[in-house]
2 protein chains.
Amino acid sequence: MRATIMHKAGDVRIENVPDAAIQQPTDAIIRITRACICGSDLWPYRDMTPADGGRPMGHEAIGVVVEVGRDVERIKPGQVVIMPFAFSDNSCLFCDEGLHTACVHGGFFGIGGGIGGAQAEALRIPLADGTLYPIDVAEDDALMPGLLTLSDVLGTGHHAAVKAKVRPGSTVAVVGDGAVGLCAVIAARRLGAERIIMMGRHDARIALAREFGATDIVSDRGAEAIERVRELTGGLGVQSVLECVGSEDAISTSMGIVRAGGAVGRVGVPHYSAVPEAQPMFYRNVAVAGGPAPVRAYIADLLPDIVEGRIEPGRVFDRTVDLSGVPDGYRAMDARTALKVLVRP
Amino acid sequence: MRATIMHKAGDVRIENVPDAAIQQPTDAIIRITRACICGSDLWPYRDMTPADGGRPMGHEAIGVVVEVGRDVERIKPGQVVIMPFAFSDNSCLFCDEGLHTACVHGGFFGIGGGIGGAQAEALRIPLADGTLYPIDVAEDDALMPGLLTLSDVLGTGHHAAVKAKVRPGSTVAVVGDGAVGLCAVIAARRLGAERIIMMGRHDARIALAREFGATDIVSDRGAEAIERVRELTGGLGVQSVLECVGSEDAISTSMGIVRAGGAVGRVGVPHYSAVPEAQPMFYRNVAVAGGPAPVRAYIADLLPDIVEGRIEPGRVFDRTVDLSGVPDGYRAMDARTALKVLVRP
């Protein structure tokens, strides 16, 4: 079968690899019907060093179950399923608490280590009963782009909002105008935020942010951005910061714009080793929380809003490619000429 | 009147200063009946450089109101009152949210800047109506030591527990065996923690921690302490860490013993500039929160448990001095031969 393999920074190839096959009795095999390229895939695309055999890429997908191992009971061949970016048993103490990304038997797709990637024709799903979320929607339904965001970016934006304690009436800032940031706008509005300040500077993304519910746009950076958000909030800063980038600049800006007693929800994979401003953070009683989103836990809550048309996260996809177009997709997202690339293998 | 002035590290003196007097129509003057020395007073006692005129010390007190400004309505002369370590209007947007330590008109006692200290015969209380909490207890009641902890250490330990999300059944670690750490044990137990691991090595404090509800003691430090807590918790770490020290070691230990999905509640004044372990903290979805406790907000909740004898935080006081004994009190606390010194001016 064909799959996307990254060999080093800038070097993504579509290659023939052994067919996905059952290895454990709890596995399933899915035929990938929709996948996509994630902003977090751009980190290795920019800094990966050559690794033996390369790394299978992709961690977001919808697919059709084609085979299940002998211990799989809930998942059946033929089902259309959402594949969260992490696999999990959905039964350990962490999963019971809704933190599937800390599952004691779990792990992540698309980072190697014997687990495949979703930018491929098919994929082996460990712990299929715990991991996959069957949906009663035809595999070519027009809702597919929106449903695909449940595998990562919408759940991740929602996690940022939950961890930043967004509630009805909240004043919110979203740091990052990528697909996760835009989904964070949707999530913040969905949780009742009254004011949503999008920090971004890319015209098309800003326009989409406004349609998703952003009430203010701050296109400055660094100290100017902090000053501008403070101006917009009577000098106080915002109650909730949804940090959707992961850079040192992004977390510094977040600490500068959060209000006393407020919270920063981090979902951008951090490329810094310590959370800055520990003393102002303390004196102002600011909380910092977040991490890899337990999207598996959020699907049931978010799905009806997509199916019933109340939110349209699928609009973050602005380009569609087949597998052979994936390397071009990486180039376009890296150059920010594409927001998020949908893959139809 | 006589008051405690710190001139530089190690140099605390009892001096004659101008009598406390009304300056603003919202002020009150209290005669201090009980004050104490705080673990946080030891930071300047160890590192303060000479400053012009010195710094009036003390931020915890119970007193009797002797005079009120013309705009004071709620507070009356003769009342016995608890003085939280921060003054606040109890009516701004932050106070309304229960974050009195971010009051837009507020500030802190015992740090200078025109505000006096409580280790003195009397003290001017700004924003008296918002700040002071009258209690219906005689000024020499046997409960006074316990009630005095409502001005700081019990409320601060409670804040650590709240910010670390202690709930019924929680597994908790308390970092620091000072008075705040011991009060944090009380607070964690009061909120229903099932297991409370005290990190400390001082025999008398450990004994008191056990009486307050600690179920396990870890007397190691650094990597050994982390390993020991992990052993005690099936390798997982604890759900809630109550960080009651503020040193770089204390926060590093806290990050090492917190469980995935857990929270660190910081109340030790941080002597580090960045929160370490930002990446493990992220991958494990750990939250860090806390800061100066809004003890004013907590008094109503905690007071009945003291008055009705369910908790005995007053036991953290193991020495009583008059004003002239305050410098000795600092020496004893610095040498850890006293846990917490009560002052009867």
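Residues numbered from 1 in each chain as written. Chains lettered and ligands numbered in written order. Predicted model: local features only at pLDDT ≥ 70, side-chain atom pairs only at ≥ 80, totals over all residues.

1. As for the overall build of chain A
Part 1: Counting its regular elements, chain A contains 12 helices and 18 strands.
Part 2: Expressed as lengths along the three principal axes of its C-alpha atoms, the size of chain A is roughly 60 × 40 × 35 Å.
Part 3: Burial statistics for chain A: of 345 residues in total, 57% are counted as buried. (Helix = DSSP H or I, 4+ residues; strand = E, 2+ residues; numbered from the N terminus. Buried ≥ 20, exposed ≤ 12 C-beta atoms within 10 Å, placed from the backbone.)

2. Some remarks on the domain arrangement of chain A
Residue and element names in this part refer to chain A.
Part 1: The domains assigned to chain A are domain 1 (2-152 + 294-343) and domain 2 (156-290).
Part 2: Of the residues lining the interface, 16 residues belong to domain 1; the matching set on domain 2 comes to 13 residues.
Part 3: Ranked by the residues each element gives to the side of domain 1 that touches domain 2, the list is headed by helix α11 (residues 295-307), at four residues.
Part 4: Its residues assigned to classes, the side of domain 1 that touches domain 2 shows eight nonpolar, three polar and five charged. (Domains from an automatic or database assignment. Contact = placed C-beta atoms within 7 Å. Nonpolar A, V, L, I, M, F, W, Y, C, P; charged D, E, K, R; others polar.)

3. Brief notes about the packing of helix α5 (residues 153-163) of chain A against helix α6 (residues 179-190) of chain A
Residues and elements named next belong to chain A.
Part 1: Two elements in contact, α5 and α6, have axes separated by 7 Å at closest approach and are oriented at 60 degrees. For the element pair α5 / α6, the angle class is oblique. By crossing handedness, the relation of α5 to α6 is classed as right-handed. Taking contact as the criterion, the partners of V153, L154, T156, G157, H158, A160 and A161 in α5 are, on α6, A179, V180, C183, A184, I186, A187 and A188.
Part 2: Taken together, the residues of the contact of α5 with α6 break down into 11 nonpolar, three polar and no charged. (Axes fitted to C-alpha atoms, helices over the stretch in contact; angles between N-to-C directions. Parallel < 35°, antiparallel > 145°, perpendicular 65-115°, else oblique. Left-handed = near helix turned anticlockwise from the far one by under 90°.)

4. Digging into unusual backbone geometry
Only a minority of non-glycine residues have a phi that is not negative, and only a minority of peptide bonds are not trans.
Residues and elements named next belong to chain A.
Part 1: Despite not being glycine, N90 has its phi angle at roughly 60 degrees, a positive value.
Part 2: Its place among the elements puts N90 in the loop between β7 (86-87) and α2 (93-96).
Part 3: We classify N90 as buried; it has 20 C-beta atoms within 10 Å.
Part 4: One non-glycine residue, K165, lies in positive phi territory at about 60 degrees.
Part 5: Relative to the elements of secondary structure, K165 occurs in the loop between α5 and β11 (171-175).
Part 6: K165 sits in the partly exposed class, given 17 other C-beta atoms within 10 Å.

5. A closer look at helix α9 (residues 248-257) of chain B
Part 1: Every buried residue of α9 of chain B is accounted for by A250, I251, T253, S254, M255 and I257 of chain B.
Part 2: Its buried side turned inward, α9 of chain B meets β11 (171-175), α8 (222-232), β14 (238-243), β15 (258-266) and α10 (278-283) of chain B.

6. A closer look at the sheet that holds strand β2 (residues 11-16) of chain A
Residue and element names in this part refer to chain A.
Part 1: Spatially, β2-β1-β4 is the arrangement adopted by the three strands of the open sheet, whose pairing is antiparallel. With one partner strand each, in any of the chains shown, β2 and β4 (55-56) form the two edges of the open sheet.
Part 2: Strand direction decides the pairing type here: strand β1 (residues 2-8) and β4, joined by two bridges, are antiparallel. Along β4, the bridge assignment pairs M6 with R55.
Part 3: Here helix α12 (residues 326-334) sits on the sheet in contact with β1 and β2, set at roughly 160 degrees to β2. (Pairing = 2+ DSSP bridges.)

7. What about the sheet that holds strand β4 (residues 55-56) of chain B?
Residue and element names in this part refer to chain B.
Part 1: Taken together, three strands build an open sheet; the order of strands is β2-β1-β4 and the sheet is antiparallel. Strands with a single pairing partner mark the edges of an open sheet, and in this sheet they are β2 (11-16) and β4.
Part 2: Where strand β1 (residues 2-8) and β2 come together, six bridges link them in antiparallel fashion. Its bridge partner lying in β2, A3 is registered against E15.
Part 3: Packed on one face of the sheet, helix α12 (residues 326-334) meets β1 and β2 and runs near 160 degrees to β2.

8. Thoughts on the relation of the copies chain A and chain B
Part 1: Overlaying chain A with chain B gives an RMSD of 0.0 Å, the required rotation being 180 degrees about an axis along which the chain moves by 0.0 Å. Expressed as a symmetry operation, the mapping of one chain copy onto the other fits a two-fold axis.
Part 2: A high fraction, 100%, of the interface residues of chain A reappear at the interface in chain B, so the copies pair face to face through one surface. (Least-squares fit on C-alpha atoms with pLDDT ≥ 70 in both.)

9. Remarks on helix α7 (residues 203-212) of chain B
Residue and element names in this part refer to chain B.
Part 1: Along α7, the residues classified as buried are R205, L208, A209 and F212. For α7, the arc enclosing every buried residue in end-on projection is 105 degrees, short of the 170-degree limit, so these residues lie on one face. Residues D203 and A207 are exposed on α7 and point more than 90 degrees away from its buried face.
Part 2: Of the surrounding elements, those touching the buried residues of α7 are α6 (179-190) and β12 (195-199). (Arc of directions from axis to C-beta.)

10. Focus on the nonpolar core
Part 1: By size, the foremost hydrophobic cluster in this structure holds 230 residues, and its most contacted members are V174 of chain A together with V174 of chain B.
Part 2: Leaving out residues up to four positions away in the same chain, V174 of chain B has contacts with G181, A184, V185, A188, I196, M198, M199, L242 and C244 of chain B. (Core = buried A, V, L, I, M, F, W, Y, C linked by C-beta atoms within 7 Å.)

11. Here we look at the pairing of β14 of chain B
Residues and elements named next belong to chain B.
Part 1: Buried residues dominate β14, accounting for six of its six residues.
Part 2: Taken together, the four bridges between β11 and β14 define a ladder with parallel strand orientation. Bridging across to β14, V172 finds its partner in S240.
Part 3: Pairing analysis gives five bridges linking β14 to β15, with the strands arranged parallel.

12. Some remarks on the pairing of β12 of chain B
All names here are of chain B.
Part 1: Burial analysis of β12 places four of its five residues in the buried class, which makes it a mostly covered element.
Part 2: Across five bridges, the pairing between β11 and β12 is parallel. When the sheet's bridge partners are listed, A173 is paired in β12 with I197.
Part 3: After leaving β11, the chain enters α6 and then returns to the sheet as β12, a path that is right-handed. (Right-handed = clockwise from strand over helix to strand, strands pointing away.)

13. A look at the packing of helix α5 (residues 153-163) of chain B against helix α11 (residues 295-307) of chain B
Residues and elements named next belong to chain B.
Part 1: Two elements in contact, α5 and α11, have axes separated by 9 Å at closest approach and are oriented at 95 degrees. Taken together, α5 and α11 sit at an angle that is classed as roughly perpendicular. Facing α5, whose interface residues are L154, G155, T156 and H158, α11 presents V295, Y298 and L302.
Part 2: Of the residues assigned to the contact of α5 with α11, the class counts are four nonpolar, three polar and no charged.

14. What about the interface of chain A and chain B?
Part 1: Listed per partner, the contact involves 26 residues of chain A and 26 residues of chain B.
Part 2: Its residues assigned to classes, the side of chain A that touches chain B comprises 16 nonpolar, seven polar and three charged.

15. A look at the environment of E243 of chain A
Part 1: Take E243 of chain A: it is sitting in strand β14 (residues 238-243).
Part 2: With residues near it in sequence (within four places) discarded, E243 of chain A still touches A160, V175, A250, I251, S254, V264, G265, R266, V267 and G268 of chain A.

16. Looking at the environment of V68 of chain A
Residues and elements named next belong to chain A.
Part 1: With respect to the secondary-structure elements, V68 resides in strand β5 (residues 61-68).
Part 2: A tally of 24 C-beta atoms within 10 Å means that V68 is categorised as buried.
Part 3: The sequence separation of V68 and P134 amounts to 66 residues, and the corresponding C-alpha distance is 14 Å.

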